[in-house]
Amino acid sequence: MRILLLEDEYSLRISIEEFLSDLGYNVDGFTDGLKAYDGVYDKSYDLLLLDVNVPSLTGFELLKKLREDGIKTPAIFLTSMTDVDDLKEGYKRGCCDYIRKPFDLAELELRIDQALASTLKNDGSIVTLADNVFYDLKKSKLTMGEDEIVLRKTEKELLEVLIKNKNSLVSTQMFQDEVWGEYVEPATIRVQLNNLRKKLPESIIQNRRGLGYIIER
């Protein structure tokens, strides 16, 4: 799961990034609204955490533009605003929740869980990969029958990219952008994908030679 964080207060941004990274999320931090807007088009995010009063483009303006562009990624505003009209404005722009500053990081975790759960299908967070094979997006847990299949961190991230793009081809470039966020050798990506495929029934992840990988269901 990848989260975009827009927060220009340094200490708070670092605290949130470290906290969410410890929970297993990939977090990209931004301090400028316009750069965050561009960032949404560089990578695919599962959640947006947006401060309101930031340079270039406010959190309100950023989310309004994204919604006008047809991007429906759930968004939570982080703000010290308390006026009811400000809150109404945020919901009007398309957010799913507000967290008022200052806040406890444990509260942030609960709000994120709720926001993600509300966007997931199949019993809240359970994705069916094959008969008797399931992946829990919330817990990052793969099960086959009654047994849990242990995945390494990179394997989980690769599988989640495939799940988010189910029925569509995922290229090695997409895996590189989504999982590593920087250049890695294509051979490294193929090795990691082969390790993942060995832990799953053969038919789940299909390799379309020269095009990419796909989960069809």
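Residues numbered from 1 in each chain as written. Predicted model: local features only at pLDDT ≥ 70, side-chain atom pairs only at ≥ 80, totals over all residues. Heavy atoms only, no water.

Per an unreviewed UniProt entry, the chain goes by Response regulator and derives from Sulfurimonas aquatica.

## A word on unusual backbone geometry
Cis peptide bonds are those with omega within 30 degrees of zero, and the linkage from K101 to P102 qualifies with -10°. Positive phi, normally seen in glycine, also occurs at N167, with a value near 70°.

## Quick word on helix 3 (residues 59-68)
Selection criterion: Accessible area is worked out with a 1.4 Å probe on protein chains only. A residue is then buried under 20% of its type maximum, exposed over 50%, and partly exposed in between. Working definition: helices are DSSP H or I runs of at least four residues, strands are E runs of at least two. Numbering for both runs from the N terminus. This arc is built from the directions going out from the helix axis to the C-beta atoms.
Buried residues of helix 3: G59, F60, L62, L63 and L66, and no others. Viewed along the axis of helix 3, the buried residues span an arc of 165°, placing them on a single side of the element. Looking at the residues trailing helix 3, positive phi occurs at G70, about 90°.

## What to know about the pattern of salt bridges
Put simply, the test is: Only one rule defines a salt bridge in this text: a Lys or Arg side-chain nitrogen within 4 Å of an Asp or Glu carboxyl oxygen.
Evaluated as defined, the whole model comprises 13 salt bridges. Here K199 makes a salt bridge to E155, at a shortest N to O gap of 2.8 Å. Taken together, the residues K199 in the loop between helix 8 (186-198) and strand 10 (205-208) and E155 in helix 6 (residues 153-164) connect sequence positions 44 residues apart. Classification of E155 as buried rests on a relative accessible area of 2%. A salt bridge links K164 to E178; the shortest N-O distance between them is 3.5 Å. Residue K164 is located in helix 6, and its partner E178 is located in helix 7 (residues 172-180); the two are separated by 14 residues in the primary sequence. Taking the relative accessible area as the measure of exposure, K164 reaches 36% and is therefore partly exposed. One network of salt bridges, with partners in common, ties together R2, D28 and K43.

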